Protein chains: 2
Amino acid sequence: MHQLRKPYLLFLGDVALKSDAKTAFGLRDWCRADVLGEWSLPEATVSLDLPRLSPAEAARQGAGSIVIGVAAVGGVLPPQWLSELEAALEAGLDVVSGQHSRLSSFPSLVQAAQRGGGRLIDVRHSDQSFPAGTGRKRSGKRVLTVGTDCALGKKYTALALTQALHQLGAAATFRATGQTGVMIAGAGVAIDAVIADFVAGAAEQLSPDNAPGHWDVIEGQGALFHPAYAGVTLGLLHGSQPDALVLCHDPSRDTIETYPDFPIPDLQVAIDRYVEAARLTNRAVRCVGLSINSSSLSDADWASYASALSTRLQLPVVDPLRGGVAALAQALLPL
Amino acid sequence: MHQLRKPYLLFLGDVALKSDAKTAFGLRDWCRADVLGEWSLPEATVSLDLPRLSPAEAARQGAGSIVIGVAAVGGVLPPQWLSELEAALEAGLDVVSGQHSRLSSFPSLVQAAQRGGGRLIDVRHSDQSFPAGTGRKRSGKRVLTVGTDCALGKKYTALALTQALHQLGAAATFRATGQTGVMIAGAGVAIDAVIADFVAGAAEQLSPDNAPGHWDVIEGQGALFHPAYAGVTLGLLHGSQPDALVLCHDPSRDTIETYPDFPIPDLQVAIDRYVEAARLTNRAVRCVGLSINSSSLSDADWASYASALSTRLQLPVVDPLRGGVAALAQALLPL
């Protein structure tokens, strides 16, 4: 399980495209209170509109980590980034990275970490060993976001649902299973980086016993209908032993993204398959609603789509960006 | 993918219980032609009845590897084993281990390997990186053994089925997904040790494109109904894209082994769930029969059990140890 030191300084490198800084924007939007400021090279043309702080200044203001908030081309950190990260390490900050290449593969970072005492944390990787799953029923309540595909709003929905539960006065904790989620939460596990045998066990540890009325809102991964990642999805589903599922979907997709031979199933079929699989570790599991990424639809089309789908499936249908997820939070409370 | 150097010298350490030497007996029984002999300490009281060869003698006779064929208590190799393994390494042999602890964690073995040029190979671990699954349809035929639980004959059934296909004149290759299987085949991948995201991709690489009439007989792992390991099972199932499934079952078990709260489903339900999941990557998949571990049944009980089950499911029902698996091989050939 990763445990990150907040507050953060967000590092943007020499970013020129806003879309390359998705992680930094996500952190600014979802854990603003944990972000002291931003830092970048003079060449950068994208800003988060946060206070500019050098690593040394951020350390003086109490920062715990500098977080690489941009994607490095090919996963290799360019030399001009390295000197800034070394400065952060020498100021005692941890460096947090979600890149493919490990921070420890850069000798200058290893040396700077030894000098300054900061840690090198690769949230995309998982070096911890986990026990096998036990299937033991845990106390507290759990909801897991599942999807008809990858990358269509499972993290966003879980974050929004956590906020909506708080707004209803419920105790709720976002549980992160992907790299950006771990950075936002400051804790969690990149579940797809765990050794296959221990995925369910890691998911069990991610949402331990809790108070009876407390909700863990668990970020889903992958999809049961995905030819590469369904195993991860199933292990996470079993270890999470959710009381409730929220199905996330993007109506503009007919097939799994970049897998044109793999159709996305009918939504009732998808719900039935998820509930059938989840019943292994929680017989009482139910789907409480759908979270739609409706960015491809006009306002009028969204209204009629949501209304027709809600009538057909007899479930609340929301888009977190169009009206929020309060209906899902309300559906959870009676459980 | 592990690639081992045959022929083998089987090492028994100071084994006193036959059951601790399961791996060595499995190798003797399933790849006798690849085994030059056995070696053990004077304290050992179990023998495989093979020629006794010291590591140096085995190396002179052309051995490629010494294989640790016994379980070490707590996974820690005792000092008296280490000196024999060092001698093997100095004679140029590879050391092959299925223990939990890695061979490279023993400095004296690392040093001996450097001196002699042999490799340290931990078949329980997987240090290779694999690509994500593609779902691309491959040429050739594939059959996967699946189960209602772990440890009830999936490897044994796959090995027997490979032999039975050969006896019918068919081209067939056993594809190993567990440590003992990898040792027997001399190649394969410990699929449960792969990073979760790449299980389906590793399974795809394990059974690459092949001749149209060739059968890959793939060793299954885990069970879809297992609260700890179902994710591994599903990833292997999707990556294998099997044309045929054989369901393995032990009628003496009502619940998953060591998980008394998890019932084993009805066999028709189990078949339906496996076929439903496997259809994602091969629409034409079917279950061709059942392989039963009937060691708990008398001859008379086995006969009536097999007959009733075969009638109910309309499928061949065999026990590899009671009459063999020819009926399964015959069921494959028309596919």
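Within an unreviewed UniProt entry, the label attached to chain A reads EBNA-1 nuclear protein, and the organism entered is Rhodoferax fermentans.

Participant: What exactly am I supposed to notice about the sheet that holds strand β10 (residues 215-218) of chain A here?
Facilitator: Pairing between sheet strands relies on hydrogen bonds along the backbone, with the strands arranged either parallel or antiparallel. Residues and elements named next belong to chain A. Strand order in this open sheet of six strands is β8-β10-β7-β11-β14-β15, and the pairing throughout is parallel. In the strand order of this sheet, the two ends are held by β8 (172-175) and β15 (317-318), each with one partner. Along the sheet, helix α9 (residues 267-278) makes contact with β7 (141-147), β11 (244-249) and β14 (286-292), crossing β11 at roughly 145°.

Participant: How should I be thinking about the packing of α9(A) against helix α9 (residues 267-278) of chain B in this particular structure?
Facilitator: How two helices pack is summed up by the angle between their axes together with the distance between the axes. As a packed pair, α9(A) and α9(B) sit with axes 13 Å apart at the nearest point and diverge in direction by 130°. Taken together, the axes of α9(A) and α9(B) lie oblique to each other. Note on packing geometry: the crossing formed by α9(A) with α9(B) is left-handed. Residue-level inspection shows Arg273(A), Glu276(A) and Ala277(A) of α9(A) in contact with α9(B), the latter providing Arg273(B), Glu276(B) and Ala277(B). Tallied by class, residues from the contact of α9(A) with α9(B) come to two nonpolar, no polar and four charged.

Participant: Just checking my understanding: could you explain the pattern of salt bridges for this structure?
Facilitator: Pairing between side chains becomes possible if they bear opposite charge and their charged atoms approach one another. This structure, assessed with the given rule, holds 28 salt bridges over all chains. A salt bridge links Arg28(A) to Asp29(A); its shortest N-O distance comes to 3.1 Å. Measuring nitrogen to oxygen at the nearest pair gives 2.9 Å for the salt bridge that ties Arg322(B) to Asp299(B). One end of the pair, Arg322(B), is in the loop between β15 (317-318) and α11 (326-332); the other, Asp299(B), is in helix α10 (residues 299-313), with 23 residues separating them in the sequence. Here the residues in one salt-bridge network are Asp149(A), Asp250(A), Arg253(A) and Glu257(A), joined through shared partners.

Participant: Even after reading the chapter, I still don't get unusual backbone geometry, so can you show me in this structure?
Facilitator: When glycine is set aside, most residues are seen to have a negative phi, and most peptide bonds are trans. Residue and element names in this part refer to chain A. With an omega dihedral of -5°, the bond running from Lys6 to Pro7 counts as a cis peptide bond. Positionally, Pro7 belongs in the loop between β1 (2-3) and β2 (8-11). With a phi angle near 60°, Asp49 is a residue other than glycine that sits in the positive phi range. Topologically, Asp49 is positioned in the loop between β3 (35-39) and α2 (55-60).

Participant: Where do I start with the side chain of Asp243(A) in this structure?
Facilitator: All names here are of chain A. By the secondary structure assignment, Asp243 is in the loop between α8 (230-240) and β11. Among the polar contacts made by the side chain of Asp243, one reaches the side chain of Asn282 at a distance of 3.1 Å. With sequence-adjacent residues up to four places away left out, Asp243 is seen in contact with Lys137, Gly140, Lys141, Arg142, Trp215, Asn282, Ala284, Val285, Arg286 and Leu335.

Participant: Help me understand the domain arrangement of chain A, please; the structure alone is not making it clear to me.
Facilitator: For interface size, the figure often reported is the accessible area lost on association. Residue and element names in this part refer to chain A. Here chain A is described as being made up of domain 1 (2-122) and domain 2 (141-332). A separation of 29 Å is found between the C-alpha centroids of domain 1 and domain 2. The interface is formed by 16 residues belonging to domain 1 together with 13 residues belonging to domain 2. In this assembly, domain 1 and domain 2 are joined by zero salt bridges. Seen at the junction of domain 1 and domain 2, the total is four residue pairs in polar contact (both at pLDDT 80 or more). Listed by contribution, the elements that provide at least two residues to the side of domain 1 that touches domain 2 are β1, α1 (22-30), β4 (65-68) and β5 (94-97). Of all the elements, α1 adds the most residues to the side of domain 1 that touches domain 2, at four residues. In terms of residue class, the side of domain 1 that touches domain 2 is built from eight nonpolar, seven polar and one charged.

Participant: How should the interface of chain A and chain B be read in this particular structure?
Facilitator: Contacts between the two partners involve 32 residues from chain A and, on the opposite side, 32 residues from chain B. Across the chain A/chain B interface, buried area totals approximately 2500 Å², and carbon plus sulfur atoms make up 59% of it. Contact with chain B buries surface across chain A, with Ala196(A), Asp197(A) and Leu280(A) losing the most and accounting together for 21% of the total. Across the contact surface, chain A and chain B share two salt bridges. We note a salt bridge from Glu276(B) to Arg273(A), for which the minimum N-O separation is 3.5 Å. Counting across the interface, chain A meets chain B through eight residue pairs in polar contact (both at pLDDT 80 or more). Elements represented by at least two residues in the side of chain A that touches chain B include exactly α7 (199-206), α8, β13 (259-263) and α9 of chain A. Top contributing element to the side of chain A that touches chain B by residue count: α8(A), with six residues.

Participant: Help me understand the environment of Ser54(A) in this model?
Facilitator: All names here are of chain A. Relative to the elements of secondary structure, Ser54 occurs in the loop between β3 and α2. By relative accessible area, which is 18% here, Ser54 ends up buried. Distance in space between the C-alpha atoms of Ser54 and Ser40 is 8.5 Å, their sequence separation being 14 residues. Those residues in contact with Ser54 that sit more than four places away from it in its chain are Leu9 and Trp39.

Participant: Explanation requested: the UniProt feature "domain: D-glutamate N-acetyltransferase-like C-terminal" (unreviewed entry) in chain A in the structure shown.
Facilitator: The residues that UniProt annotates with the feature "domain: D-glutamate N-acetyltransferase-like C-terminal" (unreviewed entry) are residues 133-328 of chain A. Helix makes up 36% of residues 133-328 of chain A and strand 20%. Its end C-alpha atoms lie 29 Å apart.

Participant: Whenever I open this one, the relation of the copies chain A and chain B confuses me. Can you help?
Facilitator: Superposing chain A onto chain B takes a rotation of 180° plus a shift of 0.0 Å along the axis, which leaves an RMSD of 0.0 Å. What we have between these two chains is a two-fold relation. By residue overlap, the copies meet face to face through one surface: 100% of the interface positions of chain A are interface positions in chain B.

What counts, and where the lines are drawn
- Residues numbered from 1 in each chain as written.
- Chains lettered and ligands numbered in written order.
- Predicted model: local features only at pLDDT ≥ 70, side-chain atom pairs only at ≥ 80, totals over all residues.
- Heavy atoms only, no water.
- Pairing = 2+ DSSP bridges.
- Helix = DSSP H or I, 4+ residues; strand = E, 2+ residues; numbered from the N terminus.
- Contact = heavy atoms within 4.5 Å.
- Axes fitted to C-alpha atoms, helices over the stretch in contact; angles between N-to-C directions.
- Parallel < 35°, antiparallel > 145°, perpendicular 65-115°, else oblique.
- Left-handed = near helix turned anticlockwise from the far one by under 90°.
- Nonpolar A, V, L, I, M, F, W, Y, C, P; charged D, E, K, R; others polar.
- Salt bridge = Lys/Arg side-chain N within 4 Å of Asp/Glu carboxyl O.
- Polar contact = N/O pair within 3.5 Å; in protein donor to acceptor, adjacent residues only side chain to side chain.
- Domains from an automatic or database assignment.
- Buried area = accessible area lost by both parts, 1.4 Å probe.
- Buried < 20%, exposed > 50% of the residue type's maximum accessible area, 1.4 Å probe, protein only.
- UniProt positions renumbered as here; feature names shortened; annotations may be inferred.
- Least-squares fit on C-alpha atoms with pLDDT ≥ 70 in both.

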